[in-house]
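Listed here are the chains, written in short residue letters.
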Amino acid sequence: MILEILEYPDPRLRTIAKPVGEVTDADRTLIDDMFETMYDAPGIGLAASQVNVHKQIVVMDLSDDNSEPRVFINPTVEVLDGDLEAMQEGCLSVPGFYEDVERIEHCIIRAKDRDGAPFEIEARGLLAVCIQHEMDHLNGKLFVDYLSTLKRNRIRKKLEKFHKQSA
Ligand code: QAP
Ligand code: CO
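These numbers come from a predicted model, not from an experiment.

What counts, and at which threshold
- Residues numbered from 1 in each chain as written.
- Chains lettered and ligands numbered in written order.
- Predicted model: local features only at pLDDT ≥ 70, side-chain atom pairs only at ≥ 80, totals over all residues.
- Heavy atoms only, no water.
- Near = heavy atom within 4 Å.
- Polar contact = N/O pair within 3.5 Å; in protein donor to acceptor, adjacent residues only side chain to side chain.
- Areas by Shrake-Rupley, 256 points an atom, 1.4 Å probe, with all protein chains shown as cover.
- Helix = DSSP H or I, 4+ residues; strand = E, 2+ residues; numbered from the N terminus.
- Donors = N, O, S within 2.8 Å, 3.2 Å for Na, K, Ca; no water.
- Buried < 20%, exposed > 50% of the residue type's maximum accessible area, 1.4 Å probe, protein only.
- Core = buried A, V, L, I, M, F, W, Y, C linked by side-chain atoms within 4.5 Å.
- Contact = heavy atoms within 4.5 Å.

1. Concerning the site of ligand 1
Close to ligand 1 lie 19 residues, the nearest being Gly 43, Ile 44, Leu 92, Gly 96 and Tyr 98. Ile 44 places a main-chain nitrogen or oxygen 2.8 Å from an oxygen atom of ligand 1. Within the backbone of Gly 96, an N or O atom sits 2.8 Å from an oxygen atom of ligand 1. For ligand 1, the protein covers 84% of the area, taking 510 Å² as the surface of the free molecule. Every element with two or more residues in the shell around ligand 1 is listed here: β4 (84-89) and α2 (125-138). Sorting elements by how many residues they give to the shell around ligand 1 places α2 first, with five residues.

2. Some thoughts on the coordination of the cobalt ion (ligand 2)
The protein atoms that coordinate the cobalt ion (ligand 2) are Cys 91 (SG), His 133 (NE2) and His 137 (NE2), at distances of 2.0 to 2.3 Å. Sequence positions of the donors to the cobalt ion (ligand 2) reduce to the motif C-x41-H-x3-H. One end of the pair, Cys 91, is in the loop between β4 and β5 (99-104); the other, His 133, is in helix α2, with 42 residues separating them in the sequence. Taking relative accessible area as the criterion, Cys 91 reaches 12% and is therefore assigned buried.

3. Focus: unusual backbone geometry
What is expected of a backbone is that most residues other than glycine have negative phi and most peptide bonds are trans. With an omega of 5°, the peptide bond between Tyr 8 and Pro 9 qualifies as cis. Of note, Pro 9 is situated in the segment before α1 (25-40). In this structure, the amide linkage connecting Ala 41 to the following residue, Pro 42, adopts the cis form with an omega of -5°. With respect to the helices and strands, the residue Pro 42 is situated in the loop between α1 and β1 (45-47). Unlike most non-glycine residues, Asn 66 shows phi in positive territory, near 55°. A positive phi is found at Asn 74, a non-glycine position, where the angle reads about 50°. With respect to the helices and strands, Asn 74 occurs in strand β3 (residues 70-79).

4. Concerning the nonpolar core
Counting 16 residues, the largest nonpolar core has Ile 31, Met 34, Leu 46, Val 51, Ile 57, Val 59 and Ile 73 as its most contacted members. Put simply, the parts of the chain that give this core at least two residues each are α1, β2 (57-60) and β3. Here the element with the most residues in this core is α1; it accounts for five residues. Beyond its immediate chain neighbours, meaning those up to four positions away, Val 51 contacts Leu 3, Glu 4, Ile 5, Leu 30, Met 34 and Leu 46. Val 58, Phe 72, Cys 107 and Ala 128 belong to the second-largest nonpolar core, a separate cluster that totals 15 residues.

Okay, here's the thing in structure tokens:
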């Protein structure tokens, strides 16, 4: 099922997600729906917060052909060195806007998979950037929060106008 994606400045995007206990069949159904929604968009990453489910669940696929689905439940990041990397980011909740954001370049991601099994992976580049972007969603934060007030307000006004027109 394709889910509705909340768009900035929807205040529900500011909700703090709760950790998942046991991973249930209902969680796995949500994960399947999140992949379907992300692939349909199309996007490379989606946090449950963006579909108005406030649980710590992230789906991601950085491949060109939807062949590398990744699930991160209750993700955490350990910074491996202090290097920052600027990368142009977009977001399914901020459609049509792309801006540079600085993120930690090298980290270890720890999370649970769709069966509840814990795993860890060392991440650099796009994977490292994307998990930080998605974990921000779980904490009610968006990439536009890193921009100047001027840029953020411009984006907010354009999206508000667009939402009014399509209503
Ligand atoms: C987060 O974003 C990300 O504006 C995932 O019109 C993006 O999948 C992390 C998308 C870049 C790191 C680098 C955005 C689709 C997809 C749009 C996405 C749009 C259509 C964004
Ligand atoms: Co996003």
